[in-house]
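# Chains, contacts and geometry: an overview
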Amino acid sequence: YLERVVRDFLDFARRPPPELAPVELTALCREVAELAGAEAAAAGLEIDVDGAPLTLAADAGQLRRALLNLVKNAVTAAAEVDERGAAVRLAVSRDGDRAIVEVWNRGPTIGAEVSARMFAPFFTTREKGTGLGLAFVAEIVRAHRGEVTVASERGETRFRLALPIA
């Protein structure tokens, strides 16, 4: 556990600027769903991916890391509900000159006090969490000149990444 905390901290402190190249976002989301698939299957879940092909300039490795973190969190949250109601979904869309990726899950609602602090480094609600996963997400999205928001109500949580296409 301590090795993971130190490794995550060093990764956070030394994260290089994004190396931009064309990335097909829906294909990247399918790859992330596949990477998290075993964890989801162990929880009795499938990860749905929806969206038409959409290409933008991004660092595929960094976006993969951010999305994988969000998807794994969504799987963990969805696994806490009755199996029949559990669900995780990634959706890609376009809003003008921005690509939108939404990571949605049905699970416990995130309270306002937690959502206000969740992107801060070292903030965690998990006993074995490092508090760096969502901080990574926020930093990666900011480095891509984008923004990340979260909305959670009535047992549904949606993380929304808005990234410039041009």
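For clarity, every value in this text was computed on a predicted model and none was experimentally measured.

A tally of helices and strands in the protein yields 6 helices and 7 strands. Mapped from its N terminus to its C terminus, the protein presents α and β elements in the order α-β-α-α-β-β-α-β-β-α-α-β-β. The proportion of buried residues among the 166 residues of the protein is 39%. A fraction of 73% describes how many contacts in the protein between residues 6 or more apart in sequence connect residues 24 or more apart. Working note: accessible area of the protein is about 9000 Å², and carbon and sulfur atoms make up 51% of it.

Attention now moves to the sheet that holds strand β5 (residues 98–106). Picture the strands of a sheet paired through backbone hydrogen bonds; they go either parallel or antiparallel. Strand order in the open sheet made by the 5 strands is β2-β4-β5-β7-β6, with mixed pairing throughout. Edge positions in the sheet fall to β2 (47–50) and β6 (147–153), since each of these pairs with one other strand and no more. On average, each strand axis in the sheet is tilted by 15° relative to the strand beside it, whichever way the strands run. Note that β2 and strand β4 (residues 87–95) share 4 bridges and pair parallel. In the strand pairing of β4, Ile 47 is matched with Val 88. Across the sheet, helix α6 (residues 133–143) is in contact with β6 and β7 (156–164); its angle to β6 comes to roughly 135°.

On to the packing of helix α4 (residues 60–78) against α6. When two helices pack together, their arrangement is captured by the angle between the axes and the distance separating the axes. Look at α4 against α6: their axes get within 9 Å of each other, and the N-to-C directions meet at 140°. Viewed along their axes, α4 and α6 adopt a mutual orientation that is oblique. The handedness of the crossing between α4 and α6 comes out as left-handed. Taking contact as the criterion, the partners of Gln 62, Leu 63, Arg 65, Ala 66, Asn 69, Leu 70 and Asn 73 in α4 are, on α6, Gly 133, Leu 134, Phe 136, Val 137 and Ile 140.

Moving on, we come to the packing of aromatic side chains. Considering all chains together, one arrives at 1 aromatic pair under this definition. Plain terms: the ring middles of Phe 119 and Phe 159 are 6.2 Å apart, the flat faces sit at 90° to each other, and that makes the pair edge-to-face. Placement of Phe 119 in the loop between α5 (112–115) and α6 and of Phe 159 in strand β7 is noted, with a sequence separation of 40 residues between them. Exposure class is identical for Phe 119 and Phe 159. Each is buried. Sitting above the plane of the Phe 136 ring, Arg 65 keeps its charged end 3.9 Å from the centroid. Positioned over the ring face of Trp 104 is Arg 89, at 4.3 Å from the centre of the ring.

The next thing to look at is the side chain of Gln 62. Relative to the helices and strands, Gln 62 is located in helix α4. The residues contacting Gln 62, other than those within four sequence positions of it, are Arg 15, Pro 16, Pro 17, Pro 18, Ile 140 and His 144.

For Ala 21, the position within the fold is in strand β1 (residues 21–24). For Ala 21, a relative accessible area of 35% translates into the label partly exposed. When sequence neighbours within four positions are dropped, the list of residues in contact with Ala 21 reads Leu 56, Ala 57 and Ala 58.

Definitions and limits used
- Sequence order as written defines residue numbering, which begins from 1 separately in each chain.
- It should be noted that, the model being predicted, local features are given only for residues of pLDDT at least 70 and side-chain atom pairs only at 80 or more, the latter also being counted only at that level, while totals for whole chains, interfaces and linings use all residues.
- Hydrogen atoms and water are omitted, and side-chain values are computed over all heavy atoms in the structure.
- A run of DSSP states H or I qualifies as a helix once it reaches four residues; a run of E qualifies as a strand once it reaches two. Both are numbered from the N-terminal end.
- Relative accessibility under 20% of the residue-type maximum defines a buried residue, over 50% an exposed one, and the middle range a partly exposed one, all with a 1.4 Å probe and only protein chains included.
- Between two residues, a contact is recorded if the distance between any of their heavy atoms is within 4.5 Å.
- Per-residue and other accessible areas were derived by the Shrake-Rupley procedure at a 1.4 Å probe size, with only the shown protein chains allowed to occlude residues.
- Strand pairing requires that DSSP identify at least two bridges connecting the strands.
- Here an angle of 0 to 180 degrees is reported between the N-to-C directions of two axes, which are lines fitted to C-alpha atoms, with helices fitted over the stretch in contact.
- We call two directions roughly parallel when the angle between them is under 35 degrees, roughly antiparallel when it is over 145, roughly perpendicular when it lies between 65 and 115, and oblique otherwise.
- Crossing handedness: left-handed means the near helix sits turned counterclockwise from the far one by under a right angle, and right-handed means the same turn made clockwise.
- Under the pairing criterion, centres of Phe, Tyr and Trp rings, with the six-membered ring standing for Trp, must be within 6.5 Å; the plane angle then separates stacked pairs below 30 degrees from edge-to-face pairs above 60, leaving the rest tilted.
- Here, a charge over a ring means that NZ of Lys or CZ of Arg falls within 6 Å of the ring centre while also lying within 35 degrees of the ring normal.

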